[in-house]
Amino acid sequence: MQVCLASTSPARLMLLRQVGIEPRLASPGVDEEAEIAAIEAAEGRTLPPAEHVLVLARLKARDVATRLAEEGFDGVVIGGDSMFELDGVIYGKPYTAEKATERWRAMRGRTGVLHSGHSVVRVTPGREPREAHAVAEAAVSFAADVTDAEIAAYVGTGEPLQVAGAFTVDSLGGAFIERVEGDPSTVVGMSLSTLRRLVRELGVEWTSLWNRAS
Ligand SMILES: Nc1nc2c(ncn2[C@@H]2O[C@H](COP(=O)(O)OP(=O)(O)OP(=O)(O)O)[C@@H](O)[C@H]2O)c(=O)[nH]1
């Protein structure tokens, strides 16, 4: 069974490769900020983190699934989104050194929540794409009480600028996160066990997705 990862996230690709899946890649054509702003304006409310990541994961998967359906793709499309919540405020990637530094000074020695949304769509030639019941997962991260010098050095690597939460648990940031409660792959970018459940909900055997030589 073919798999398409509707994401530009290197971490999500790494996760699938680790579990035997070499996916086709497609970049979702979704303006995340505009989509969220439109929904929040229409509904007159701020979307809570779980809804925020769900909406975006679904939009990304559906965008790519629609494109692939037109070319006769037969397989599953996986979309994801991750946001970090600290003191009830949700954050995406910092993008700048200043914001990454600010984020670490706020979260060191404290807990935060990494929310990841998951959407899987079954694309079958000649049929309408079928979406599984999209799911958001959360994992609680406990950040070490890192020093200003460690923050400066970590920000200087550029790593925290491009990841939700301004930290990784599977790379340089791993030494600064004391523990995670929940599925660690939820923090990295998507919960693999959740993906398995969604794939099975669509009547597809998870093991039929294995296509990567170990
Ligand atoms: N390697 C790693 N990446 C992380 C971690 N936490 C968050 N991320 C990444 O932070 C990014 C969050 O941004 P998103 O908007 O969800 O995804 P993206 O990278 O923009 O990619 P798209 O799916 O194309 O939108 C994702 O790429 C996550 O994989 C972590 O602990 N480790």
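Above: the structure in question.
This structure is a prediction, so every number in the text was calculated from the model and none was measured.

How do you make sense of the overall build of the chain when you look at a structure like this?
A count of helices and strands for the chain gives 7 helices and 8 strands. Against the globule reference of 17 Å for 214 residues, the chain gives a C-alpha radius of gyration of 18 Å, in line with a compact fold. Across its three principal directions, the C-alpha atoms of the chain cover 55 × 45 × 25 Å. Put simply, the chain has 214 residues, and 45% of those count as buried. Look at the contacts in the chain between residues 6 or more apart in sequence, and 72% of them connect residues 24 or more apart. Accessible surface, the chain: about 10100 Å² in total, of which carbon and sulfur atoms supply 51%. A distance of 4 Å separates the average location of the 22 positive side-chain charges in the chain from that of its 30 negative side-chain charges.

Got a minute to help me understand the environment of Val204 in this structure?
In this structure, Val204 sits in the segment after α7 (192–201). Judged by relative accessible area, Val204 falls into the buried class, the value being 5%. Each C-alpha atom, one on Val204 and one on Gly75, is 9.2 Å from the other, the two residues being 129 residues apart in sequence. Sequence-distant contacts of Val204, defined by excluding residues within four places in its chain, comprise Met1, Val76, Arg122, Val199 and Leu209.

Honestly, the site of the ligand in this entry has me stumped. Any pointers?
By nearness alone, 21 residues border the ligand, and Ser7, Thr8, Lys60, Asp170 and Val188 come closest of all. Within the contact set of the ligand, an oxygen atom lies 3.2 Å away from a side-chain nitrogen or oxygen of Glu32. In the model, an oxygen atom of the ligand is placed 2.7 Å from a nitrogen or oxygen of the Lys60 side chain. Its free accessible area being 620 Å², the ligand has 91% of it covered by the protein chains. Of all the cavities here, the one that holds the ligand is the largest pocket.

Hey, could you run me through the packing of helix α4 (residues 97–107) against helix α5 (residues 148–157) in this one?
Geometrically, a packed helix pair is captured by the angle between its two axes and the distance between the axes. Across the interface, α4 lies against α5 with an axial gap of 10 Å and an inter-helix angle of 145°. For α4 against α5, the interelement crossing comes out right-handed. Contacts between α4 and α5 involve Ala97, Ala100, Thr101, Trp104 and Arg105 from the first element and Asp148, Ile151, Tyr154 and Val155 from the second. Counted by class, the contact of α4 with α5 contains 6 nonpolar, 1 polar and 2 charged residues.

Rules used throughout
- Residues numbered from 1 in each chain as written.
- Predicted model: local features only at pLDDT ≥ 70, side-chain atom pairs only at ≥ 80, totals over all residues.
- Heavy atoms only, no water.
- Helix = DSSP H or I, 4+ residues; strand = E, 2+ residues; numbered from the N terminus.
- Rg over C-alpha atoms; globule rule 2.2 N^0.38 Å.
- Buried < 20%, exposed > 50% of the residue type's maximum accessible area, 1.4 Å probe, protein only.
- Contact = heavy atoms within 4.5 Å.
- Areas by Shrake-Rupley, 256 points an atom, 1.4 Å probe, with all protein chains shown as cover.
- Lys, Arg positive; Asp, Glu negative; His and termini not counted.
- Charge placed at Lys NZ, Arg CZ, Asp CG, Glu CD.
- Near = heavy atom within 4 Å.
- Polar contact = N/O pair within 3.5 Å; in protein donor to acceptor, adjacent residues only side chain to side chain.
- 1 Å grid on protein atoms, 1.4 Å probe; cavity = no way out; pocket = protein on both sides within 12 Å on 5 of 7 lines; lining within 4 Å.
- Sits in = over half its atoms within 2 Å of the grid points.
- Axes fitted to C-alpha atoms, helices over the stretch in contact; angles between N-to-C directions.
- Left-handed = near helix turned anticlockwise from the far one by under 90°.
- Nonpolar A, V, L, I, M, F, W, Y, C, P; charged D, E, K, R; others polar.

Read these as spatial facts, not as claims about activity.
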